[in-house]
Amino acid sequence: MAFRAEHHDVLGDLMRGSLDHCVKCTICETYCPVSNVTPLFPGPKYVGPQAERFRVDDEPSADASLDYCSGCGVCTQVCPQGVHIAEINTQARARLKATQGVKLRDRLIARPTLTGRLGTPVAPIANWSLQNRMVRLLVEKAIGIHQKAPVPRFAGRTFQGWARRRSARAGPRRVAYFHGCGTNYYEPRLGEMTVELLEHNGLSVEVPKKQDCCGLPLQSNGLFDDARGYVHRLAARLAPYARDGVDIVATSTSCSLMLKREALEILDMADDPDLQAVAASTFDICEYLLMLHERGELKADFQPISETVIYHAPCQQQGHGIGKPALDLLALVPELETIETGAVCCGVAGTYGLKREKYDIAMKVGAGLFAEIADAAPDRSVCDSETCRWYIEAATGVRSVHPVEMLHRASGLSASW
Amino acid sequence: MLVIGGGATGAGVAWDAALRGFDVILIDRADLAEGTSGRFHGLLHSGGRYVVKDALAAEECVAENAILRRVIPDCIEDTGGLFVTTPDDDPAYGDRFLEGCRAAELPVEEIGVAEALRREPRLNSRIQRAFAVPDASIDAWKTVWSFARGASEHGARILPYHSAIALHREGHAVTGARVRNELTGEELDIEAGFTINAAGAWAAQIATMAGIEGVGVVPGKGIMIAMNHRLVNTVINRCTMPADGDILVPIRTVSVIGTTDIRSADPDELPVTQAEVDQMLDDGERLVPGFREARALRVWAGARPLFQDEKAEQVADTRDISRTHAVVDHRERDGVDGLLTMSGGKLTTLRLMAEDIVDAMCKQLGTERACQTRDVRPPGNEDGEGYSLGSRLRRREQTLQDEQLICECELIGRSRLEQAMRRRGSANLDDIRRSMRLGMGPCQGGFCIYRATGILHGVGRLDGAEAADSLSGFLQERWKGVWPILYGDQLRQARLDDWIFQGLLDVEHLPEAEEVA
Amino acid sequence: MSHHDVIVVGTGLAGLTAAVRLAEGGARVLVLAKGVGATHLGAGTVDVLGYAPERVERPAEALAALIDERPEHPYALVGAGGVTAAVDWFKARIAAGPLGPYQYVGGVDENLLLPTAVGVARPSAVVPETMAGGDLRAEAAICVVGFRALKDFHPTLAADTLGRQGVSARGLELDLAPEGRADANALAFARAFDDPAFRAEVSGQLLRRLGVEERAAFPAMLGHADPHRVWSELEERLGRPVFEVPTLPPSVPGMRVHASLRGELRRNGGRVILNTVVTGAEQSSGRVTELRTRVGLREERRGADWVVLATGGIASGGIELDSRWRARETALDLPVAGVPEAGEERFRPGYFDDHPMGRAGVAVDAELRPVDARGERLYENVLVAGASLAGAEPWREKSGDGLSLSTGYRAAELVLGASEPAGSAAGVAEG
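1. Here's the deal with the overall build of chain A
Looking only at helices and strands, chain A features 22 helices and eight strands. Going through the 417 residues of chain A one by one, you find that 57% of them count as buried.

2. Topic: the interface of chain B and chain C
Frequently, the measure chosen for interface size is the accessible area that the parts lose on association. Chain B puts 44 residues into the contact, and the matching count from chain C is 38 residues. Looking at the side of chain B that touches chain C, the elements with two or more residues in it are strand 22 (405–407), helix 13 (448–458), helix 14 (464–480) and helix 15 (488–504) of chain B. With 11 residues, helix 15 of chain B is the single largest residue contributor to the side of chain B that touches chain C.

3. Considerations on helix 5 (residues 140–153) of chain B
Within an α-helix, residues lying three or four positions from one another point in the same direction, as the helix has 3.6 residues per turn. Residue and element names in this part refer to chain B. Over its 14 residues, helix 5 extends 20 Å from the first C-alpha to the last, a length consistent with the 20 Å expected when each residue adds 1.5 Å. The element helix 5 is extensively covered by neighbouring structure, given that 10 of its 14 residues are classed as buried. If you check which residues of helix 5 are buried, you get Ala140, Trp141, Thr143, Val144, Trp145, Ser146, Phe147, Ala148, Gly150 and Ala151. Against the buried residues of helix 5 lie helix 1 (8–19), strand 2 (25–28), strand 8 (136–138), strand 9 (157–160) and helix 12 (429–436).

4. Notes on the interface of chain A and chain C
Between chain A and chain C, the residue contacts involve 23 residues of the former and 26 residues of the latter. Elements represented by at least two residues in the side of chain A that touches chain C include exactly helix 2 (27–31), helix 4 (74–78) and helix 15 (253–265) of chain A. Counting residues per element, the side of chain A that touches chain C draws most heavily on helix 15 of chain A, at four residues. Grouping the amino acids of the side of chain A that touches chain C by side-chain chemistry returns 11 nonpolar, eight polar and four charged.

5. Notes on the confidence of the model for chain C
Residue and element names in this part refer to chain C. Across chain C, the average pLDDT comes to 93, with 97% of residues at or above 70. Predicted confidence is poor over residues 423–431, with pLDDT under 50, and the contacts of this stretch with residues over four places away or in other chains come to 35 contacts. Both confidence scores are given for the complex: pTM 0.93, ipTM 0.94.

6. Concerning the environment of A:Cys79
Along the polypeptide, A:Cys79 turns up in the loop between helix 4 and helix 5 (85–100). For the pair A:Cys79 and A:Tyr31, spaced 48 residues apart in sequence, the C-alpha to C-alpha distance is 9.7 Å. Residues in contact with A:Cys79, not counting those within four places in the same chain, are A:Ile27, A:Cys28, A:Ile85 and C:Gly35.

7. So, the domain arrangement of chain A
Residues and elements named next belong to chain A. Taken as a whole, chain A is organised into domain 1 (13–100) and domain 2 (299–410). Computed over C-alpha atoms only, the centres of domain 1 and domain 2 are separated by 27 Å. Across the boundary between the two partners, domain 1 contributes 11 residues, which contact 12 residues of domain 2.

8. A look at the pairing of strand 7 (residues 129–133) of chain B
All names here are of chain B. Extensive coverage of strand 7 is indicated by the burial of five of its five residues. Burial along strand 7 is two-sided: Arg129, Phe131 and Val133 and Ala130 and Ala132, pointing in opposite directions, are all buried. Across five bridges, the pairing between strand 5 (residues 81–85) and strand 7 is antiparallel. Bridge assignment links Thr85 to a residue of strand 7, and that residue is Arg129. Summarising the sheet, strand 6 (residues 109–111) and strand 7 pair through three bridges and their orientation is antiparallel. Within the sheet, the bridge partner assigned to Glu109 lies in strand 7 and is Ala132.

Analysis parameters
- Residues numbered from 1 in each chain as written.
- Chains lettered and ligands numbered in written order.
- Predicted model: local features only at pLDDT ≥ 70, side-chain atom pairs only at ≥ 80, totals over all residues.
- Helix = DSSP H or I, 4+ residues; strand = E, 2+ residues; numbered from the N terminus.
- Buried ≥ 20, exposed ≤ 12 C-beta atoms within 10 Å, placed from the backbone.
- Contact = placed C-beta atoms within 7 Å.
- Expected span 1.5 Å × (residues − 1).
- Nonpolar A, V, L, I, M, F, W, Y, C, P; charged D, E, K, R; others polar.
- pLDDT = per-residue confidence, 0-100.
- Domains from an automatic or database assignment.
- Pairing = 2+ DSSP bridges.

Written as structure tokens, this is what we have:
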């Protein structure tokens, strides 16, 4: 089916039209992590293809319960008929927010580069405050971020800063690194490890300057116009690399999904030429490393790691439709035992689990996963998305790392942990 | 007085007459609005369709559209309408259209094509002109029941499932009818000082019972297809001389494309042909490209009651028969007193039709009682806000945790179903289903019909055999409206429903059904 | 671009069966699917042959007769022997899987007669242990237990119908629900039954109300994580046979099958990618080399030596009929057999009539390779299994699970090179 190039209203055809495929089979409901733990959310079938038949753009949104959708996207994954349920829900939520207005809290947490820029220069104080019970209580009362919601620590420096200071290794096999806000402000060490690992494998890594947010949190919170602006700018930044035949890799699996698929489908930006170029050339880092391995270009002579780890594939990682390449990569590390979780979602869903009215739901969603981790008592958990890692670590007390960290270590590039 | 026919016409007459203080009995051989009224596309005409060819009809629509918005606001959704010049239409017609609208005092505005596409993104982007008019969509069933309930609040007796089997004549006057209660088989006589034949496409059959021949009613069969969701939220009309398939109406959760116009012999025999289906799909594609890829939900046929008195000239195309209505005065025409027949007309003018025929009745009776229906709201319109698509969704938000949802497609909760069962004591599951549109959403009853049958059986309203009958009956009735358009997504749904009803529940081998199948 | 030994397209019963058999046979398997398939929608039983068109008591015998009479029927591709082998394999897999000791009982020699949710006696060959107690060939009276919060199961209706078939039955309704919800589906109840406290409450209420000789029928929701324990505990507590009755989706027994097979697949190293639609293939010298796939708007390619197509036919969009009445197999554009010509009837006006379109599907030869109108093989390395096959109306025959299971199993066996071609020698042409 040809995709219509014209921009229309928020409720674009491609996603909304897929509601016709719904045969009401209830399968999406059996998987929805949110509706399975709370009756406040009527479920993806209800909120997506069913309620969509009752929505008219001109009328104010009728169903506030839709906001309990966490945007995890599992429903779209499992629907046997190909209904783009999660996408319909996200688009409907934007309509709802247009009616209801968007809270200050959501505007704030939807802009990680803003909070990053504000917090980095005063990192020690910022970190102290955000861990301080009283401050958190006040913040909860004032703007509605749950006092127990795990927030990351500012690193006090940026990954971009490091990238600008390093001298890049030139070479014929180039790759561009899209690091995302999480790495930039909170986990610059992960970015460094990624660069080192790629260089170790003979690639020349370029870190494009002035990378800003991918817009995903803005999209999740219904601020579509703002999200489009960010996507457009980021795509413009990265497009020259794509057009030069340089692959773009990302360690934040949710951010790369945004560029690969979600912005095109949900924000209706498939006709943005920069984004088209970027989407075709963007890879999740594990996807990319596995591709290298399949081509015989990965240095797979890993050192043994005598540990047991548990791997959780974030829902957004599943959204890539690439399987679980992290598992295949970890399987190459001698003596490493990797347990795959059966859980579908950890609960945080980006910014969802931070919100006062949703934190308890998020914790219930993740309860099964946390119990699995507690039972397995691994040395650490492995997960491709930073928000999930912070959440899982806070809930289980078990350190959570990106697969790259394991491979970095197994490549002999890091000292002991 | 006796009103024969419980569609829009009959209900409107009962309401009007009851308000004027007449003692009214209304009968219909089946449930109310089971005939043409229950099968129309839902368009409340602005009149634009008639401005060029049928000025009188246009003027009536303009006036009645405004009046109905005032008196039955909650039965009407103010969708607005667009007349669009498609690539197959002559742009010059648009000028005649504008002239005609002005002559009929129909509020019209020519808007730019870009604006039309902004309002309706699915519209054919190659349209050349667009005109905005006050079309709306109207819930016929709700309208009919609103008037009927109003009439009964003023003392009228509403008797569905009572068919007229003979009209009583005393000399040259009609004095009542013999009717049969179709549910019990019992026959009874109704004495009435006056009888109004509001039987629509069946009016000739009723007139014959009074010994009156040749009251020509031409059943004009029209098919309509409901599409699974609202492809448009404004009524879309082709800006051209009235043709087939030139209207797309957003009504409740669906959009309806209509319609054809084929002279039929029998208003009870209205087969849907493949050629008609294809034609409607092509017509839809002209208005909304990609129409053929969208999901068709249901197809049905209704019979327009077009009046063609055999005592007048023959007309070739049924569309050339005037769409306005006429009161057939049998005293003048046939020398029979106490009987008037309503012929022709459309749902948009139901109130006017009622006014005209009740006026004529008063004249014949020699009394003067003024019509009040221009200003009085019948029950069911207390909100006065107009129907909005999201209303059911909004209401459901309030009972999300407390009430079971029985029909999920149409958001019908359990208490609403039980309430309908209590209120309509004599009705069977079929009537309740039809009135609530249970099982008429995308899933075609795959889930809700078993639930509803189980609930009714559980509260003792149906015994096991009746439940089995009802289930099989539903499957057959639903199939009738589905098999001519069984392609694409609807075919997938039908397959799932086959798996549920046959594979899982095995209804084919229900003890009762085995005798029928 | 990735490469696997076998790509299986579809995660229904046919696809999962093929994938697990292949993976345990040592193949590197990737399963691609639009979603999770239809196991969540069926009864969870393995129906081999229920009606042909009269009610079948001995499916293996009836199967042999059916194949003789109708060599174009997809059962001809596997034969009674093929069905038996697949069934035995399935029973062993489930018993050894993550839900063990939950297991299936029965076989292809005799059909049980199980009540449906409207109370009809339905023939079924291989059923979960949790359902076998409902066999209507036994005389014992039945108390059908429902729950007010479960709108998908109506005990008195089922009991009434059973009564009209000469079975002594009555219905009763309990007012217990997970978290006191007013509206809970079978899965929510199944999770509640996993909780011993809920089971205790249910048993407590029922013990007071059950008659001495009655067996107890429940809607199919006796446990999600540990159905064996839930069911056996209830039997013990209530002191009588207890059995599940399949009802409207979501089908908990169906989900158990799915979870078991997915678990077995994972254990054997198979991989699954969802939300993927196959849109075409690259080929060379009569073999498919790569599949073209789409995730959302994004196109990908995947290489494989073998492809097993188990896309579910019309019900899932594996085969589509457009508004101009043209049929298309949507993954590889294979020819669809059994579709009436333009202008001919596709469906008849009576719902229970024989519909010309009913048996449309992909035509294959004796080794499950898709064939063209002349019966010529189109691809050497593509096999078709499950509901996409032409020649049957499984929902009427009650043969869907048997067909999917046996053809999925056979496809795997053929790829593994482990078995001789079975069934009739004649190629399968158009129906």
